[in-house]
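# Observations on the three-dimensional arrangement
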Amino acid sequence: MEWKGIRGQVLKNVAMKRYTSMKVGGPARYMVYPVDHADLAKVIGIAEDKGVARRFLGNGTNVIVGDRGLDDAIIRMTKVRQMHFRKTAEGAVAEVAGGTSLARFIRESVERGLAGLEKLYGIPGTVGGAIKMNAGSFGVQISEHLRSVTYMDGLKRIGERQRQACGFGYRTSGFTSSEIILSGLFELHDGDKARLKKEMERVRAERWKKHPMEFPSAGSVFKNIGGNPAWTYIDKVGLRGFRIGDACISEKHPNFIVNLGNATAADVVSLIRKVKKEVYEQVGVRMEEEVELWGCDG
Ligand SMILES: Cc1cc2nc3c(=O)[nH]c(=O)nc-3n(C[C@H](O)[C@H](O)[C@H](O)COP(=O)(O)OP(=O)(O)OC[C@H]3O[C@@H](n4cnc5c(N)ncnc54)[C@H](O)[C@@H]3O)c2cc1C
């Protein structure tokens, strides 16, 4: 298939294990990097005309792709990385492109003495991915500091939603799979740069202490349940350290599945199913995935 007139890069048959933090997954038919919004609209149009399904990928830190791969076009805005800060009476508003690294945005904000997001430091991935997932850590969720989100829908129309209309909940938002987040407008307030830097370092150190950062993973696999940490259920049913192939429930933090080297998506998915089954049978609780499974059925 031809992607005529696209100015960005188009890759074919890309191994998704190279583009996801879990490091599993077969080939995706196409991976496309639009260079701007007009290019993105063209990509969406061509995919639509040719009947190729689309998926939007940030840094792939919350998705697990199946071993057979995906017959889709994976669209990534990660070549469009922009941040614009504008001073306000209380601090600043920052307009940040969806493909920008969240960590880079937070570092830049703190460098400017702007507070709000420092507790999210260390969450891997892009600003777009974090908005879509309403990422959060240490009691803060990214949506709390958003004023509005600009997105493109499946009909290539650009729209803006105020925070209240974005449908944010715990690790979820109302953006559909055919809407791509182009940018977020953040409200930040003035803070003490030295103190903010210290806080960033503190949360990063906490992560390294609690999470198995030394292995590939997709972060927390399951959502917490009614305020109870998901790992407590996994621990309760005795699955800490349980292993299928090279996929293993982390000893350090049982809500992480780590790839010990050569795990397949099938290993990871089998572990997820095992956890759900044991927790339901032994405790009567249904665990819900926080990670997204792409093409993992069958
Ligand atoms: C070691 C580790 C630690 C983690 N810790 C945390 C944590 O503390 N808190 C937390 O919340 N998460 C955590 N995560 C999970 C993950 O990093 C977050 O969910 C992150 O925000 C995902 O960003 P991403 O760019 O990688 O998104 P991806 O994984 O690429 O995509 C995730 C979802 O967002 C969609 N998406 C991505 N970009 C866009 C876009 N521009 N427009 C529309 N949709 C888009 C994708 O289609 C998909 O549905 C962790 C992951 C790892 C590996």
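Residues numbered from 1 in each chain as written. Predicted model: local features only at pLDDT ≥ 70, side-chain atom pairs only at ≥ 80, totals over all residues.

## Topic: the nonpolar core
Counted only if it meets this: Residues of type Ala, Val, Leu, Ile, Met, Phe, Trp, Tyr and Cys that are buried and joined through C-beta atoms within 7 Å form what is called a nonpolar core. Partly exposed residues are those whose C-beta has more than 12 but fewer than 20 other C-beta atoms within 10 Å; 20 or more makes a residue buried and 12 or fewer makes it exposed, with C-beta atoms placed from the backbone. Strands here mean DSSP runs of E at least two residues long; helices mean DSSP runs of H or I at least four residues long; both are numbered from the N terminus. Residue pairs qualify as contacts under a 7 Å threshold applied to their C-beta atoms, which are placed from the backbone.
Counting residues in each nonpolar core, the largest one holds 80 residues, and the members touching the most others are Ile64, Val65, Leu120, Ala130, Ile180, Ile257 and Val268. When residues in this core are grouped by element, the largest group, seven residues, is from helix α6 (residues 265–283). In this structure, Val65 is in contact with Met16, Thr20, Val24, Gly25, Gly26, Leu70, Ala265, Trp294 and Gly295, ignoring residues within four places of it in sequence.

## Brief notes about the sheet that holds strand β5 (residues 70–75)
Heads up, the condition is: DSSP calls a pair of strands paired once it identifies at least 2 bridges connecting them. For helices, the fitted axis covers only the stretch in contact; all axes are lines through C-alpha atoms, and the angles between them, taken along N-to-C directions, range from 0 to 180 degrees.
Pairing within the open sheet is mixed, and its four strands lie in the order β1-β2-β5-β3. The open sheet has two free edges, formed respectively by β1 (9–15) and β3 (54–56), since each of these has just one partner strand. Averaged over neighbouring strand pairs, the angle between their axes works out to 30° when direction is ignored. Relative to strand β2 (residues 27–33), β1 runs antiparallel, the two sharing six bridges. Residue Val10 lies in a different strand from β2, and its bridge partner there is Val32.

## Brief notes about the site of the ligand
To be explicit about the condition: To decide nearness, the C-beta atom of each residue is placed from the backbone, and the residue is near a molecule or strand if that atom lies within 6 Å of it. For this classification, Asp, Glu, Lys and Arg are treated as charged, while Ala, Val, Leu, Ile, Met, Phe, Trp, Tyr, Cys and Pro are nonpolar and the rest, including Gly, are polar.
Within the structure, the ligand sits among 33 residues, and Gly58, Gly125, Gly128, Gly129 and Gly219 are positioned closest to it. Those elements giving two or more residues to the shell around the ligand turn out to be β3, α3 (127–133), β9 (136–137), β13 (180–190) and β14 (217–220). Of the residues assigned to the shell around the ligand, the class counts are 13 nonpolar, 16 polar and four charged.

## Comments concerning helix α2 (residues 102–111)
One turn of an α-helix holds 3.6 residues; hence residues three or four places apart share an orientation. The following threshold applies: Throughout, the arc means the angular range of directions from the helix axis out to the C-beta atoms.
Along α2, the positions that sit buried rather than exposed are Leu102, Phe105, Ile106, Ser109 and Val110. The arc that holds every buried residue of α2, seen down its axis, measures 130°, which confines them to one face. Taken together, the buried residues of α2 touch β6 (83–87), β7 (91–97), β8 (114–115), α3, β13 and α4 (193–210). Two residues or fewer past α2, Gly113 is found with a positive phi of approximately 70°.

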